[in-house]
Amino acid sequence: MTDAAKSKFTPRVFSGIQPTNHLQLGNYLGAVKRFVEMQNSGIETIYCIVDLHAITVWQDPVDLQNATRELAASYIASGLDPKRSILFNQSQVPGHAELGWIFNCVARMGWMNRMTQWKDKAGKDAEKASLGLFAYPSLMAADILLYHATHVPVGEDQKQHVELTRDIAIKFNHDFKVDFFPVTQPVIEGAATRVMSLRDGSKKMSKSDPSDASRINLTDDADTVAQKFRKARTDSEPLPETLEGLKDRPEARNLVNIYAALAEMTPEAVVAEYAGQGFGTFKPALADLAVSKLSPIADEMKRLMADPAEIDRILGDGAARANAIAEPILAQTYDIVGLIRSRRT
Ligand code: AQP
């Protein structure tokens with residue numbers, strides 16, 4: 001975090017996850033586990049459930065509410081402490097949408113057109129995609145910059161969006177001749193920054209993949225986890241002596257990375273431990289490890305989900321705290337842009 005230490009902005013961490021379907025292992029290892037580690041690093045941490053992003057594709061309203069509460073429960077069950085971190089859902093803080101609109105007027109169409117997530121999610125039928133999906137990265141920039149966040153822990157797939165956030169901050173500062181928004185750093189660290197599908201080593205694991213067998217959900221029971229790892233696509237070679245030997249074996253490399261991230265070991269150490277062993281040995285060991293790490297989280301999620309009113313209270317409290325940080329930043333933004341805004345209390 002040396003860059004931020006040098007800048008005028010106080011280090012502050014922001015990140016978010018969409019409440020779409022159940023949290024999957026890639027979200028946990030690439031994002032939530034890192035969020036918890038950063039919470040414990042002494043820097044102010046703000047974590048959001050980005051429900052306004054979720055509705056860029058169709059969501060059943062009842063499912064969206066359930067997924068929002070379940071994601072809050074997943075965060076807390078994974079170790080996020082809503083007293084130490086600010087935890088809330090995006091739609092409760094209106095500044096996200098307000099700053100998002102201003103950034104829609106700063107960002108360029110060409111920038112959005114280059115986003116790989118837009119191309120992947122809109123697919124061949126971009127004409128029928130929502131305008132919100134196209135503008136998604138501009139709202140994400142607003143999420144981050146509304147808090148003058150300096151660091152954003154994300155998985156590899158979100159790197160391009162954080163880079164676009166930097167471009168928006170730089171253009172805004174340049175257009176209005178100010179040094180107002182920080183140029184945020186993505187924090188992409190660890191062995192599992194891109195967990196791949198269990199069915200296809202060329203695709204990332206995703207909550208919305210139509211194949212449930214492609215992912216481990218945080219809500220899966222022990223038998224399901226074991227079965228999904230057993231059926232995970234691999235080759236028939238044993239594990240090599242060094243990581244070099246996994247260069248052209250994406251599925252095997254994926255399982256080694258998952259093991260490493262769960263065991264908090266390096267992938268090199270995992271390969272050294274299992275060198276010469278086949279997947280008949282490695283997959284059950286991985287399944288046991290995953291169950292031992294994930295089942296306490298699933299149990300705690302169940303306990304938390306039994307009291308939705310308490311989850312709503314936590315989210316409301318987090319939103320009030322988030323709003324208190326966002327309001328003065330938004331008021332200054334309005335001022336810089338030349339928008340008249342009466343004081344809100
Ligand atoms: N496979 C992954 N490996 C590592 N990190 C991942 N993330 C997502 N998939 C992986 C990280 O999880 C955070 C939250 O992601 P999101 O819900 O905002 O959207 P996403 O990146 O599009 O994740 P999904 O699971 O694929 O969701 P859907 O299917 O709803 O689009 C981000 O930090 C992301 O990098």
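On a predicted model such as this, the values are computed, not experimentally measured, just so you know. (Residues numbered from 1 in each chain as written. Predicted model: local features only at pLDDT ≥ 70, side-chain atom pairs only at ≥ 80, totals over all residues. Heavy atoms only, no water.)

On to the side chain of Asn89. Mapped onto the elements, Asn89 comes out in strand E3 (residues 86-89). Given a relative accessible area of 9%, Asn89 falls into the buried group. A distance of 3.0 Å separates the side chain of Asn89 from the side chain of Asp51, its partner in a polar contact. For Asn89, the residues in contact, after removing those within four places along its chain, are Cys48, Ile49, Asp51, Thr68 and Leu315. (Helix = DSSP H or I, 4+ residues; strand = E, 2+ residues; numbered from the N terminus. Buried < 20%, exposed > 50% of the residue type's maximum accessible area, 1.4 Å probe, protein only. Polar contact = N/O pair within 3.5 Å; in protein donor to acceptor, adjacent residues only side chain to side chain. Contact = heavy atoms within 4.5 Å.)

This next bit is on the site of the ligand. The immediate surroundings of the ligand are formed by 24 residues, with Lys121, Asp157, Ser206, Lys207 and Ser208 found nearest. One nitrogen or oxygen atom from the side chain of Lys204 is found 2.7 Å from an oxygen atom belonging to the ligand. Relative to its free-state accessible area of 640 Å², the ligand is covered by the protein chains to the extent of 97%. Secondary-structure elements contributing two or more residues to the shell around the ligand are strand E1 (12-17), helix H2 (25-39) and helix H7 (116-122). Here the element with the most residues in the shell around the ligand is H2; it accounts for four residues. A per-class count over the shell around the ligand returns six nonpolar, 13 polar and five charged. (Near = heavy atom within 4 Å. Areas by Shrake-Rupley, 256 points an atom, 1.4 Å probe, with all protein chains shown as cover. Nonpolar A, V, L, I, M, F, W, Y, C, P; charged D, E, K, R; others polar.)

Bringing the domain arrangement of the protein chain into the picture now. Assigned domains of the protein chain: these are domain 1 (3-188 + 307-337) and domain 2 (212-303). Computed from C-alpha atoms alone, the centre-to-centre distance between domain 1 and domain 2 is 30 Å. Taken residue by residue, the interface counts 15 residues in domain 1 and 15 residues in domain 2. Counting the surface domain 1 buries against domain 2, the share from its top three residues, Leu25, Leu29 and Ala77, is 39%. Our count for the domain 1 to domain 2 interface comes out at one salt bridge. The salt bridge involving Lys33 is made with Glu264; its shortest N-O contact spans 2.7 Å. (Domains from an automatic or database assignment. Buried area = accessible area lost by both parts, 1.4 Å probe. Salt bridge = Lys/Arg side-chain N within 4 Å of Asp/Glu carboxyl O.)

What follows is about the side chain of Ser74. Within the secondary structure, Ser74 sits in helix H4 (residues 61-77). Residue Ser74 is classed as buried on the basis of its relative accessible area of 1%. Contact partners of Ser74, with chain neighbours within four places excluded, come to Leu23, Leu218 and Met301.

Below, the discussion takes up the nonpolar core. Counting residues in hydrophobic clusters, the biggest one holds 60 residues, and the most contacted among them are Leu25, Leu29, Tyr75, Phe229, Leu255, Ile258 and Phe282. With eleven residues, the single largest contributor to this core is helix H13 (residues 279-305). No fewer than three residues from each of domain 1 (3-188 + 307-337) and domain 2 (212-303) sit in this core. If you look at the next biggest cluster of nonpolar residues, it comprises 44 residues, including Phe14, Met112, Met140 and Leu146. (Core = buried A, V, L, I, M, F, W, Y, C linked by side-chain atoms within 4.5 Å.)

For the rest of this paragraph, the subject is the packing of aromatic side chains. Under the definition given, this model contains 14 aromatic pairs. Between Phe35 and Tyr47, the aromatic rings sit 4.4 Å apart at their centres with planes inclined by 10°, giving stacked as the arrangement. Of the two residues, Phe35 sits in helix H2 while Tyr47 sits in strand E2 (residues 44-49), which places them twelve residues apart along the sequence. Consider the rings of Tyr274 and Phe282, whose centres lie 5.0 Å apart with planes at 80°: the pair is edge-to-face. For the pair shown, Tyr274 and Phe282 are each scored as buried. Its end group placed over the ring of Tyr334, Arg341 keeps NZ or CZ at 4.8 Å from the ring centre. (Phe/Tyr/Trp six-rings, centres within 6.5 Å; stacked < 30°, edge-to-face > 60°. Lys NZ or Arg CZ within 6 Å of the ring centre and 35° of its normal.)

Looking now at the pairing of E1. Remember that side chains alternate between the two faces of the sheet whenever the strand is regular. Across the six residues that make up E1, a large majority, five, are buried. The pairing of E1 with E2 spans six bridges and is parallel. Paired with Gly16 across the bridge in E2 is Cys48. Each parallel crossover has a hand, and the one from E1 via H2 to E2 is right-handed. (Pairing = 2+ DSSP bridges. Right-handed = clockwise from strand over helix to strand, strands pointing away.)

With that settled, the discussion passes to the pattern of salt bridges. Evaluated as defined, the whole model comprises 20 salt bridges. Across the pair Glu37 and Lys33 runs a salt bridge whose closest N-O atoms are separated by 3.4 Å. You can see Glu37 and its partner Lys33 sitting in helix H2, four residues apart, about one turn around the helix. Residue classification places Glu37 among the partly exposed residues on the basis of a relative accessible area of 36%.

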